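Analysis of the macromolecular model
What follows is each chain in one-letter form.
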Amino acid sequence: MLSRTAIGYVVQIDGGQVTLNLLDHHRGQMASHYQGVTPVGEVGGLLVIDGGYRLFVLKISGLNFSEPKEIHRPSASNQSHNGQPLRHLHGTVIGWVEAGRFVSDNLASPPLGAEAFPLTGEESQIVLGGPEPDGPITLGTEYKTGNSVRTGLNRLLAQHIAVLGSSGQGKSCFTAAVLQQLADMPNSRIVIFDINGEYDRAFRKSESAIAADDMECRLPEGAYQHTVIGEDADGAQGYRIPYYALGRQGLNRLLLPSEKTQRPALSFAIDNLKYVHWHAAQRGASIDGNNPVLFDDCRQNGANQANAAISDLRSGQVPTANQWPDMAALAALVADSHSIAPDRNPNTFKRDTFSYGNVSPLITRIHRLIDDEMLRAVVDVRGGAPVNGGNLDMRAEGEHLVDKIFGCANTQWRVHVVNLRQVPQDLMPLVLGSMLELYSQVLFRRGQGNNPATLLVLEEAHHYLRPVPDGDSGTSSLAYERLAKEGRKFGLALWLSTQRPSEVSPTVLSQCNTWVSFRLTSEQDLRVISSACEWADKREVSRIAGLPRQHALVMGGTVALPTCIRSKSADPTPKSEDGRFDGWVTNE
């Protein structure tokens, strides 16, 4: 402490709240020391208090005169500063510096009379540089000191990350900047749900290379994969999701059956889908591949044959078909498995209209999805041959889809951008919810230690990470809530990026350990941050609404205390730049 002059001393301690008397010659403005000058009275700034073998770190919360209602300017006859009242500085102890490291602790307090000093550059780096100042990942620079804010991989990824901010504030560029650093690591595994098709550009060589029409990937050959869900686009191969690969959980999420009557009928249909053949001309299904006997229109003729087919399916006496049927076969199985009932005559059966009415909304929903052109563009509803030419096995189909999208132990790529630009917004919660249902099922079934550590980046998460009404007009949580709560045990980290945290599941947000909030102005969104983030007090949250562009407040386990940073820039940036309206004033 010999290299700097004290700016004040402790006069009151009330729990974690500390009051200083500022020395007259500083007058609450600036303090100079051998490394430069430091603001003394800036709310949100930091000071250190001499505690002997350790330095207590004080965060400034306010300043005032000891007699705020008195006249403070000295009279003309008395130019001495002694006539002015004392200036008080109030703050909260947030921890201490000892042996070159910062320990976060708001229960400790300095002794009365201890002197307060401005932080040196080294102390600022220790406090604001993060718990791992030599970590491989740079988040940005602290906006006051310019110190680099860095973190380690486990501290950043072992638990989930939430990146929040209004449109155009820098979320995508910050995400791309961090992902570029992660992708350079030889054993990384990153899956990006790219809602707007903007991240492929971020994995080219550089901005200068793009300007020279060089679109070569920045990663080695085979380390980058780009898949478009839907038709071929953006130079990448298109892929339509086979409906049967979604499995029972995924199809239940896609079709949203009611719990009491529709779900059992749909479960029967899904379990027996591999035994039936679809006849497009007759719009019916059969179990022998010749004569369709199962229909979805509650027709009265042929009920006895339909009952016999359903009975054979229930008894397990039907051989497996050689290919998956059209998705319409689900409707036929649902209808006849639920509506066939004994008739008045012995050993005869009928299709009961009342029972059919219970599953009719589900049948309508199946046909509505089949007839939806936008759904057919991203989901293959036609059926087809089994994966790898084997037997029909829905579990094998699901694992093949998971391996294709999320990777497996033998996958060579480090980064997989899943372009979801063709998925319509109204179907996004259903389609992506179905994929996440399937992923969670496979992930948990394989067990702990049997899945490669994976970072799943969920862009524009407010479109699909939200409760969806089920068939009983209630709300049903999606699989991502279980992924958020338990996925870390299975090697999964979630990176959520959203403009509207108030529209994202509170369960998911509550599991995030690191929060990076760019500018948000909605009171509803700010309240969500206050309630879900344990590190965000009222004073910190109030700063979020006034953040400049590309500046963010970082809170949580990645930093020792809430820190305002200028986010690191990506090179190249994703395709998320503002519209160029300057061209309106020229004729070029």
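Look a little higher up for the structure.
For the structure given in this document, a descriptive report is provided here. Only a predicted model underlies this, so the values are computations on that prediction, with no experimental measurement involved.

Focus on the overall build of the protein chain
Scanning the protein chain from N- to C-terminus turns up 16 helices and 29 strands. The C-alpha atoms of the protein chain give a radius of gyration of 31 Å, which is well past the 25 Å a tight globule of 588 residues would have. A principal-axis box enclosing the C-alpha atoms of the protein chain has dimensions of 115 × 60 × 55 Å. Looking at the protein chain as a whole, 53% of its 588 residues qualify as buried. For the protein chain, the proportion of contacts with a sequence separation of at least 24, taken over those separated by at least 6, is 69%. Of the roughly 26,700 Å² of accessible surface on the protein chain, a fraction of 45% belongs to carbon and sulfur atoms. Once the 55 positive and 63 negative side-chain charges of the protein chain are each reduced to a mean point, those two points are 3 Å apart.

As for the environment of Ser206
Relative to the helices and strands, Ser206 resides in the loop between strand 13 (190-194) and helix 4 (207-211). Linking Ser206 and Pro506, residues 300 residues apart in sequence, is a C-alpha distance of 38 Å. Filtering out sequence-adjacent residues up to four positions away, Ser206 remains in contact with Asp571 and Pro572. At a separation of 3.0 Å, a polar atom in the side chain of Ser206 contacts the side chain of Ser208.

As for helix 11 (residues 394-406)
Helical geometry note: an α-helix holds 3.6 residues per turn, so side chains three or four residues apart project in the same direction. The end-to-end C-alpha distance of helix 11, which contains 13 residues, comes to 18 Å, matching closely the 18 Å that a straight helix rising 1.5 Å per residue would cover. Those residues of helix 11 that sit buried are Met394, Glu397, Gly398, Leu401, Val402, Ile405 and Phe406. In an axial view of helix 11, the angular spread of the buried residues amounts to 135°, which keeps them on one side of the axis. For helix 11, the capping residue at the N-terminal end is Asp393, with a side-chain oxygen 3.0 Å from the backbone nitrogen of Arg395.

Concerning the packing of aromatic side chains
Using the criterion set out here, one finds nine aromatic pairs in the structure. Seen from their ring centres, Phe444 and Phe490 are 4.8 Å apart, and the 65° between their planes marks the pair as edge-to-face. You can see Phe444 sitting in helix 12 (residues 428-446) and its partner Phe490 sitting in the loop between helix 13 (479-486) and strand 26 (492-498), a full 46 residues away along the chain. We note that Phe444, like Phe490, is buried. Through pairs of rings, three or more aromatic residues link up here, namely Phe174, Trp495 and Phe518.

Thoughts on the pattern of salt bridges
If you walk through the whole model with that rule in mind, you get 18 salt bridges. Two residues, Glu207 and Arg201, come together in a salt bridge whose shortest N-O distance is 3.0 Å. Measuring nitrogen to oxygen at the nearest pair gives 3.4 Å for the salt bridge that ties Lys205 to Glu216. Residue Lys205 is located in the loop between strand 13 and helix 4, and its partner Glu216 is located in the loop between helix 4 and strand 14 (224-229); the two are separated by 11 residues in the primary sequence. Residue Glu216 is classed as partly exposed on the basis of its relative accessible area, which comes to 46%. Ionic contacts of the salt-bridge type, sharing partners, join the residues Lys205, Asp214 and Glu216 into one network.

Notes on the nonpolar core
Of all hydrophobic cores here, the largest spans 108 residues; its most connected members are Phe193, Leu294, Leu330, Leu456 and Ile529. Other than its neighbours up to four places away in sequence, Leu456 contacts Val191, Phe193, Phe406, Leu436, Tyr439, Leu492, Ala493, Leu494 and Trp495. Counting residues in hydrophobic clusters, the runner-up holds 36 residues, among them Val149, Tyr199, Phe203 and Val554.

Digging into the side chain of Ser355
Inspection of the secondary structure assignment puts Ser355 in helix 9 (residues 353-371). With a relative accessible area of 18%, Ser355 lands in the buried category. Residues in contact with Ser355, not counting those within four places in the same chain, are His338 and Ser339.

Observations regarding helix 13
Turning to helix 13, its buried residues are Ala479, Tyr480, Glu481, Leu483 and Ala484. Those residues of helix 13 that are buried lie in contact with strand 12 (160-164), helix 12, strand 26 and helix 14 (506-510).

Observations concerning the packing of helix 6 (residues 262-271) against helix 9
Running from N to C, helix 6 and helix 9 cross one another at 55°; their axes reach a closest spacing of 9 Å. Classed by the angle they form, the pair helix 6 and helix 9 counts as oblique. Our pair here, helix 6 against helix 9, has a crossing hand that is right-handed. From helix 6, Gln262, Ala265 and Leu266 reach across to helix 9, where they touch Asn358, Val359, Pro361, Leu362 and Arg365. Grouping the amino acids of the contact of helix 6 with helix 9 by side-chain chemistry returns five nonpolar, two polar and one charged.

Parameters at a glance
- Residues numbered from 1 in each chain as written.
- Predicted model: local features only at pLDDT ≥ 70, side-chain atom pairs only at ≥ 80, totals over all residues.
- Heavy atoms only, no water.
- Helix = DSSP H or I, 4+ residues; strand = E, 2+ residues; numbered from the N terminus.
- Rg over C-alpha atoms; globule rule 2.2 N^0.38 Å.
- Buried < 20%, exposed > 50% of the residue type's maximum accessible area, 1.4 Å probe, protein only.
- Contact = heavy atoms within 4.5 Å.
- Areas by Shrake-Rupley, 256 points an atom, 1.4 Å probe, with all protein chains shown as cover.
- Lys, Arg positive; Asp, Glu negative; His and termini not counted.
- Charge placed at Lys NZ, Arg CZ, Asp CG, Glu CD.
- Polar contact = N/O pair within 3.5 Å; in protein donor to acceptor, adjacent residues only side chain to side chain.
- Expected span 1.5 Å × (residues − 1).
- Arc of directions from axis to C-beta.
- Phe/Tyr/Trp six-rings, centres within 6.5 Å; stacked < 30°, edge-to-face > 60°.
- Salt bridge = Lys/Arg side-chain N within 4 Å of Asp/Glu carboxyl O.
- Core = buried A, V, L, I, M, F, W, Y, C linked by side-chain atoms within 4.5 Å.
- Axes fitted to C-alpha atoms, helices over the stretch in contact; angles between N-to-C directions.
- Parallel < 35°, antiparallel > 145°, perpendicular 65-115°, else oblique.
- Left-handed = near helix turned anticlockwise from the far one by under 90°.
- Nonpolar A, V, L, I, M, F, W, Y, C, P; charged D, E, K, R; others polar.

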